[in-house]
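# Inside the fold
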Amino acid sequence: MRYRGRTYIGSVLVSVNPNKDLEIYSKAHMERYRGVSFYEISPHIYAVSDNTYRAMRTERRDQCILISGESGAGKTEVSKKILQYYATTCPVTDHLSTLRDRLLQSNPVLEAFGNAKTLRNDNSSRFGKYMDVQFDFRGAPIGGHILNYLLEKSRVVHQNHGERNFHIFYQLLEGGEQDLLSKLGLERNAQKYQYLVKGCCPRVSSINDKNDWRTVRKALTVIGFHEDEVEDLLNIIASVLHLGNTQFGEGKNGENQITTEPQLKYLSKLLGVDGAALREALTHKKITAKGEEMISPLSFEQAVAARDALAKAVYGRTFTWLVVKINQSLAFKDDVYNSSKGSSSVIGLLDIYGFEVFQHNSFEQFCINYCNEKLQQLFIELTLKSEQEEYEAEGITWEPVKYFDNKIICDLVEGKHKGLISILDEECLRPGEPSDISFLEKLEDTLGGHAHFVTHKLSNGKTRKAVSREEFKLIHYAGEVNYSVNGFLDKNKDLLYRNLKEVICQSNCQVLSQCFHREEVTDQKRPETAATQFKNSLAKLIEILMSKEPSYVRCIKPNDAKQSGRFDEALVRHQVKYLGLMENLRVRRAGFAYRRHYETFLQRYKSLCPRTWPNWQGRLADGVATLVQHLGYKPEEYKLGKTKIFIRFPKTLFSTEDSLEARRPALVLTLQTSWRGYRERAKYLRIRQAVIVIQSAWRGMISRQKARRRRHAVDIIRKFIKGFIYRHYERCPENEYFLDHQRFSFLMMLFRNPPKSVLDKSWPIPPPCLTEASEHLCRLCMRNMMRAYCRRIQPEWKKQMEQKVVASQIFKDQKDSYPQSVPKLFVASRLNSEEFNLKVIQTLGNDKVKYGIAVTKYDRRGYKARPRQLLLTSSFAMLVAEAKLKQRIDYATLRSISVSSLSDGFMVLHVPSEDNKQKSDVVLQCDHLIEVVTKLATMADKKIKVNMSQDSITFAVARGKEGVIDFTSGPELKVAKCKKGHLLVTAPKLNP
């Protein structure tokens, strides 16, 4: 809350926003203003609220509080504070507490869906709101009703630079759970959505969207929204964002088509409509000519306009549905309270837009400023009328005050046939191809001579530069405003293409089915335009306000920068002018600043006159006359009416208040002295007696507690010592406490410090009585950890571990390079599919290659090194040289594999010598020996024997002949043929 300096002009509260926190809205302040006369203490919103409430109860007449001011002046906060005051101070029963909560919680919901960040205000209401609060005969709130006016739907698809879309979009993206966003097809990034980036302001430092999201979700629950309704509501909000990201492009045949299929998929799901029908409706329009329907493709610009129109229509009607649902939850119900016990009264709160003058003003600003003209006219008439009626009723001479009557401007806008709205409607409905420019030309022809209407064509040389060729200027009561006609006709029509409306009317979404009625498609009656609807609703609002007794709160914004301590005099002067405060002030100056009933006046100031103090026994009028004569009032300073005294000058009242303040200390001192003496003596006696009783009881209680604690401690220590002595005996009364303590301590130690992983083999030593239980617990714990560990293992990782286990069984403590291979993962294949020769793959047929690696084969004659590819299938291995299959080794015939214990990559595949197909054992060298051998061992069905040699490996070269590979340690890997005819392999020792 940033609030607020205040003053009064008569009964009008003028409230200035200081843009900083002031601690003046506590419950204590509410109690301070509760039941207090209007002028007795400093001006406050609570004073207006209480005065209106008491007038409603005493006079039994409906009241209303009109809150007006510029955006950022604090109108919304004023209405919330008034509601909080009524919710806190009015009597309420358990049955009505739910209604009170719903009244308060309706604000965050309406703000989320109807407020947005603008250049002037971070929480600007983009709709008008009138709320009726219904009270029963006891003054308890029993119902409510909200009327909304002119939601700024264009903000859904476009925002000016530095402004944002409606709050709910950012709250959903920032605060929505990840599962919810995934379900809606959204990402937690506002920059991804075209409808949210046009203002280049996705985040605002003064707004916490995540916290506001939680507040809105809670408020929806409190108000009474069902889960399926909230789900439909969020689906619609998400669908608007997806509509903004729906893009169009040129198809193969040159037609316009949707190029973002994911958005269309989500739209059909979220809106509950057929995707193909929605695609057709977004790219084509249905034309009815001479009773025949034709489908015409839309151009790119028309498709974008149709998309935006659908987004605005869906959001605007959903907002109206939201207000209807809130009204249903606030509606007065007979089963909650029996209305026959007494009649009900109403207090209305009007939170309406103030005058808006931007660099670019369009249709929305025109409607808003027209609304302010009507309310200004109402304010002036009601103020002057009520003032004059009171003077006439009391027999006081009244001097009329001249003021500017803005009826001429209201007639310019709303007049029949020649009013601006009538011309706009006529241009929208006429046959042919009307445009915004033709509308402007018709305005010039019809309103050309009006003193408050100016265009570029109608202006003179001095003012022509201030009005462009696409603008018209209205000279409002608050000042001159230029309106751009671009978009006036489209916004006034506010229509959807018929086929789009048909698609949405077929939606299975419950909210949309209530917003779009199927009768609309068949109804041939042309709907009212937006301007006419707004004019009619405004006329009904004026009727409502005229039927109630008004109070006024005029909100002033001291500067546009939202800084505290800064007072922009030009800005404030402008607001004072268009709020009509000067006319109201002149009325008050011409009349009387203060008026009160004789009884109230005499009761308050009788202590200032000895003849009226302490009680006046005669007529009230005579007592007031005696009092003012004693106070020295001059004849021109006051008038005595039939039931009231009227004081013309505030200074007269202030001097009387000063005299009362000066008199009060003497009056209060006598009362205080007697009262304090009596109170202190009685207090002392009560305290003395209470202290004696309390001290006695306290000392006894403390002594008894200490004795009990000591006895208990002694018993525990004795049991523990005796149990320790008998700890090795069977369980008996002497040791049962000690043994139970041991069990409990051991189990709590296990509970607090269990093994952290399957590799943690530590286990505390149990007491003798828990040895068997400890073993069972240990097994159960390990089993649970193993089970949990196995459940977490992915299939790929399980296969990797199985291969690592095989490798460990074969090579652990045997192969010098094994420790280095442990942290390295085995791969599916060391060869890419592109490295396999196509002819080899075709030769294999149905046998698929499971693993492949590049190897070096050493011939049996001369040990010549030849590059090969070793390919493993499910039943055999083979050596391939380019496109030729050199050798096939069936796993069934593979006897064993020999490798050295050094870090070399040599292995020998031993095959039976009697097999004619296999001429000799195969000598291979590769980089990943452990991986290759493990793959061979796991792919073969039988268990293959792996021989580990320290010095040499003997292998069959041919029948009856053998070859030898000698292994030795050296600084680096070398392969050479030695003099003995052996193959000498030198390999470095990695683990000395």
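Residues numbered from 1 in each chain as written. Predicted model: local features only at pLDDT ≥ 70, side-chain atom pairs only at ≥ 80, totals over all residues. Heavy atoms only, no water.

### What about the overall build of the protein chain?
We count it as follows: Helix and strand assignments follow DSSP, with helices taken as H or I runs no shorter than four residues and strands as E runs no shorter than two, numbered in order from the N terminus. Taken over C-alpha atoms, the radius of gyration is set against a globule rule of 2.2 Å times the number of residues to the power 0.38. Accessibility here uses a 1.4 Å probe with only protein chains present; expressed as a share of the type maximum, an area under 20% marks a residue as buried, one over 50% as exposed, and anything in between as partly exposed. Any two residues whose heavy atoms approach within 4.5 Å at even a single point are treated as in contact. Surface exposure here means Shrake-Rupley accessible area, sampled with a 1.4 Å probe, where a residue is shielded only by the protein chains that are shown. When charges are tallied, Lys and Arg are placed among the positive residues and Asp and Glu among the negative ones, while His and the ends of the chain are skipped. In plain terms, the charge of a residue is placed at NZ if it is Lys, CZ if Arg, CG if Asp and CD if Glu.
Tallying secondary structure elements over the protein chain gives 32 helices and 31 strands in all. For the protein chain, whose C-alpha radius of gyration is 46 Å, the value lies well above the compact-globule estimate of 30 Å for 992 residues. Across its three principal directions, the C-alpha atoms of the protein chain cover 145 × 105 × 55 Å. Counting over 992 residues, the protein chain shows a buried share of 48%. For the protein chain, contacts bridging at least 24 residues in sequence account for 62% of all contacts bridging at least 6. Total accessible area computed for the protein chain in this model is approximately 52,200 Å², and 52% of it derives from carbon and sulfur atoms. Charged side chains of the protein chain number 153 positive and 114 negative; the gap between the two group centres comes to 8 Å.

### Quick look at the pattern of salt bridges
The following threshold applies: What counts as a salt bridge is simple: a side-chain nitrogen of Lys or Arg found within 4 Å of a carboxyl oxygen of Asp or Glu.
All told, the structure shown has 37 salt bridges when counted by the stated rule. Of the charged contacts in the structure, one is a salt bridge between arginine 138 and aspartate 136, with a shortest N-O distance of 3.3 Å. Residue arginine 138 is classed as partly exposed on the basis of its relative accessible area of 31%. On the accessibility criterion, aspartate 136 (3% relative accessible area) is buried. Residue arginine 679 is joined to glutamate 680 by a salt bridge in which the shortest nitrogen-to-oxygen separation is 3.5 Å. You can call arginine 679 partly exposed: its relative accessible area is 35%. With relative accessibility at 40%, the residue glutamate 680 sits in the partly exposed group. Each of Arg126, Glu152, Arg155, Glu163 and Glu356 takes part in one network of salt bridges that share partners.

### Focus on the packing of aromatic side chains
What counts, and what does not: Centres within 6.5 Å are what make two rings of Phe, Tyr or Trp a pair, Trp counting through its six-membered ring; a difference in plane orientation under 30 degrees is then read as stacked, over 60 as edge-to-face, and the rest as tilted. For a Lys NZ or an Arg CZ to count as sitting over a ring, it must be within 6 Å of the ring centre and within 35 degrees of the ring normal.
For the coordinates displayed, the defined rule picks out 27 aromatic pairs. Ring geometry for phenylalanine 720 versus phenylalanine 738: centroids 5.1 Å apart, planes at 70 degrees, classification edge-to-face. Of this pair, phenylalanine 720 sits in helix 26 (residues 650-725) while phenylalanine 738 is found in helix 27 (residues 736-752), placing the two residues 18 residues apart along the sequence. Classification of phenylalanine 738 as buried rests on a relative accessible area of 6%. Each member of the aromatic cluster is reached from another via a ring pair, and the members are Phe363, Phe366, Phe439, Phe453, Phe472, Tyr483 and Phe488. Directly above the ring of phenylalanine 724 sits arginine 727, whose terminal nitrogen or CZ lies 3.9 Å from the centroid. In this structure, arginine 888 is placed above the aromatic ring of phenylalanine 876, and the distance from its NZ or CZ to the ring centre is 3.7 Å.

### Considerations on the UniProt feature "binding site: ATP" (unreviewed entry) in the protein chain
The line we're drawing: UniProt positions are given in the numbering used here, feature names are shortened, and annotations may be inferred rather than shown by experiment.
In this numbering, the UniProt entry assigns the feature "binding site: ATP" (unreviewed entry) to Gly69, Glu70, Ser71, Gly72, Ala73, Gly74, Lys75 and Thr76. Checked against the element boundaries, glycine 72 lands in the loop between strand 3 (63-69) and helix 3 (75-89). Not counting chain neighbours up to four residues away, the residues in contact with glycine 72 comprise Asn17, Arg120, Asn121 and Lys557. Assessed through its relative accessible area of 0%, alanine 73 is described here as buried.

### A look at the packing of helix 10 (residues 261-271) against helix 11 (residues 275-283)
The cut-off we apply is this: Geometry is summarised by axes, namely lines fitted to C-alpha atoms with helices restricted to the contacting stretch, and by angles between N-to-C directions that run from 0 to 180 degrees. For a crossing to be left-handed, the near helix must be turned anticlockwise from the far one by less than a right angle; the clockwise case is right-handed.
Where helix 10 meets helix 11, the axes come as close as 9 Å, and the angle between the chain directions of the two elements is 120 degrees. Crossing handedness for the pair helix 10 and helix 11: right-handed. Contacts between helix 10 and helix 11 pair Glu261, Leu264, Leu267 and Ser268 from the former with Gly275, Leu278 and Arg279 from the latter.

### Some thoughts on the sheet that holds strand 30 (residues 974-977)
Rules: Two strands are counted as paired when DSSP detects at least two bridges linking them.
Pairing is mixed in the open sheet, where 4 strands are placed in the order 28-29-31-30. Taken across any chain shown, the strands that pair with only one partner, and hence form the sheet edges, are strand 28 (952-958) and strand 30. Averaged over all adjacent pairs, the angle separating strand axes in this sheet is 20 degrees, with direction ignored. Both strand 28 and strand 29 (residues 961-969) contribute to a ladder of 6 bridges, which runs antiparallel. For phenylalanine 955, the partnering residue across the bridge sits in strand 29 and is glycine 963.

### So, the pairing of strand 19 (residues 644-647)
The two faces of strand 19 match: Lys644 and Phe646 on one face and Ile645 and Ile647 on the other face are all buried. With 4 bridges joining them, strand 17 (residues 594-597) and strand 19 adopt antiparallel strand pairing. In the strand pairing of strand 19, arginine 596 is matched with isoleucine 645. Note that strand 18 (residues 638-640) and strand 19 share 3 bridges and pair antiparallel.

### Examining the environment of leucine 440
When you line up the elements, leucine 440 lands in helix 16 (residues 436-447). Residue classification places leucine 440 among the buried residues on the basis of a relative accessible area of 4%. Each C-alpha atom, one on leucine 440 and one on isoleucine 423, is 9.7 Å from the other, the two residues being 17 residues apart in sequence. Residues within four places of leucine 440 in sequence aside, it is in contact with Thr455, Arg469, Glu470, Glu471, Phe472 and Val485.

### Focus on the sheet that holds strand 19
Strand order in the open sheet formed by 3 strands is 17-19-18, with antiparallel pairing between adjacent strands. The sheet terminates laterally at strand 17 and strand 18, the two strands that pair on one side only. Averaged over all pairs of adjacent strands, the angle between their axes in this sheet comes to 15 degrees, without regard to strand direction. Packing of helix 24 (residues 598-605) onto the sheet brings it into contact with strand 17, strand 18 and strand 19, and relative to strand 17 it is tilted by some 95 degrees.

### Topic: the pairing of strand 7 (residues 141-149)
Direction of pairing for strand 6 (residues 128-135) relative to strand 7: antiparallel, over a ladder of 8 bridges. Its bridge partner being in strand 7, aspartate 132 is matched across the sheet by histidine 145. The hairpin formed by strand 6 and strand 7 contains 5 residues between the paired strands, and glycine 139 there has a positive phi angle of roughly 90 degrees.

### With respect to helix 16
Note the cut-off: Given a helix with a known number of residues, its expected span is that number minus one, times 1.5 Å.
With 12 residues, helix 16 should reach 16 Å at 1.5 Å per residue; the first-to-last C-alpha distance of 16 Å fits that figure. Every buried residue belonging to helix 16 is among Asp436, Ser438, Phe439, Leu440, Leu443, Glu444 and Leu447, and all of these are buried. In this structure, the buried side of helix 16 is in contact with helix 14 (407-414), helix 15 (420-429), strand 13 (453-455), strand 14 (471-475) and helix 17 (488-493).

### Brief notes about the packing of helix 2 (residues 45-59) against helix 3
Short version of the rule: Convention used here: angles under 35 degrees read as roughly parallel, angles over 145 as roughly antiparallel, angles from 65 to 115 as roughly perpendicular, and any remaining angle as oblique. Note that Gly is not counted as nonpolar here; it falls among the polar residues with everything else outside the nonpolar set of Ala, Val, Leu, Ile, Met, Phe, Trp, Tyr, Cys and Pro and the charged set of Asp, Glu, Lys and Arg.
One can describe the packing of helix 2 onto helix 3 by two numbers: an axis separation of 10 Å at closest approach and a directional angle of 55 degrees. Between helix 2 and helix 3, the angle falls in the class oblique. Note that helix 2 runs across helix 3; the crossing there is right-handed. Of the residues in helix 3, those in contact with Ile45, Tyr46, Ser49, Asp50, Thr52 and Tyr53 of helix 2 are Val78, Lys81, Ile82, Tyr85 and Tyr86. When its residues are assigned to classes, the contact of helix 2 with helix 3 shows 7 nonpolar, 2 polar and 2 charged.

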